Amino acid sequence: SAMRHPCGRHSTWDDWKVELTTIGARHVLLTHLNAEVRAAAERLVGEAPEGVKLSFADDGLRVAVK
């Protein structure tokens, strides 16, 4: 299901909690994070839907996609 937000609006964790149950991803890497999200990272990992690994990108991170 596509997020239904106007162009230019950042998504919130509440948005993602819903979307993560519908997109079928096993691992999600969140980027472009503010200080509040970074501070809450441990809590957010615990709130992720079962079966979804949640990670947070730092500047300069390189990811190999298989």
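Residues numbered from 1 in each chain as written. Predicted model: local features only at pLDDT ≥ 70, side-chain atom pairs only at ≥ 80, totals over all residues. Heavy atoms only, no water.

Asks: In this structure, what is going on with the overall build of the protein? I would like to understand it.
Replies: A tally of helices and strands in the protein yields three helices and two strands. Starting at the N terminus and walking to the C terminus, you meet the elements of the protein as α-β-α-α-β. Surface accessibility of the protein: about 5400 Å² in total, with carbon and sulfur atoms responsible for 53%. (Helix = DSSP H or I, 4+ residues; strand = E, 2+ residues; numbered from the N terminus. Areas by Shrake-Rupley, 256 points an atom, 1.4 Å probe, with all protein chains shown as cover.)

Asks: What's the story with the pairing of strand 1 (residues 27-30) in this structure? I'm lost.
Replies: Looking down a regular strand, the side chains alternate between one sheet face and the other. The alternating pattern of strand 1 places Val28 and Leu30 on a buried face and His27 and Leu29 on a face that is not buried. With four bridges joining them, strand 1 and strand 2 (residues 53-56) adopt parallel strand pairing. Bridge pairing in strand 2 places valine 28 opposite leucine 54. (Buried < 20%, exposed > 50% of the residue type's maximum accessible area, 1.4 Å probe, protein only. Pairing = 2+ DSSP bridges.)

Asks: Would you explain the nonpolar core in this entry?
Replies: One broad rule of soluble globular proteins: the nonpolar side chains tend to lie buried together. Judged by nonpolar contacts, Trp13, Leu20, Val28, Leu30, Leu33, Ala40, Leu44, Ala48, Val52 and Leu54 together constitute the single largest core of ten residues. Apart from residues no more than four positions distant in its own chain, leucine 33 is found in contact with Arg38, Phe56 and Ala57. (Core = buried A, V, L, I, M, F, W, Y, C linked by side-chain atoms within 4.5 Å. Contact = heavy atoms within 4.5 Å.)

Asks: How should a nonpolar patch on the surface be read in this particular structure?
Replies: A cluster of nonpolar side chains, namely Leu29, Leu61, Val63 and Val65, defines an oily patch on the protein surface of about 390 Å² accessible area. By relative accessible area, valine 63 is classed as exposed at 54%. (Patch = residues over 30% accessible without salt bridge, like charges linked within 9 Å, V, L, I, M, F, W, Y side chains within 5 Å. Salt bridge = Lys/Arg side-chain N within 4 Å of Asp/Glu carboxyl O.)

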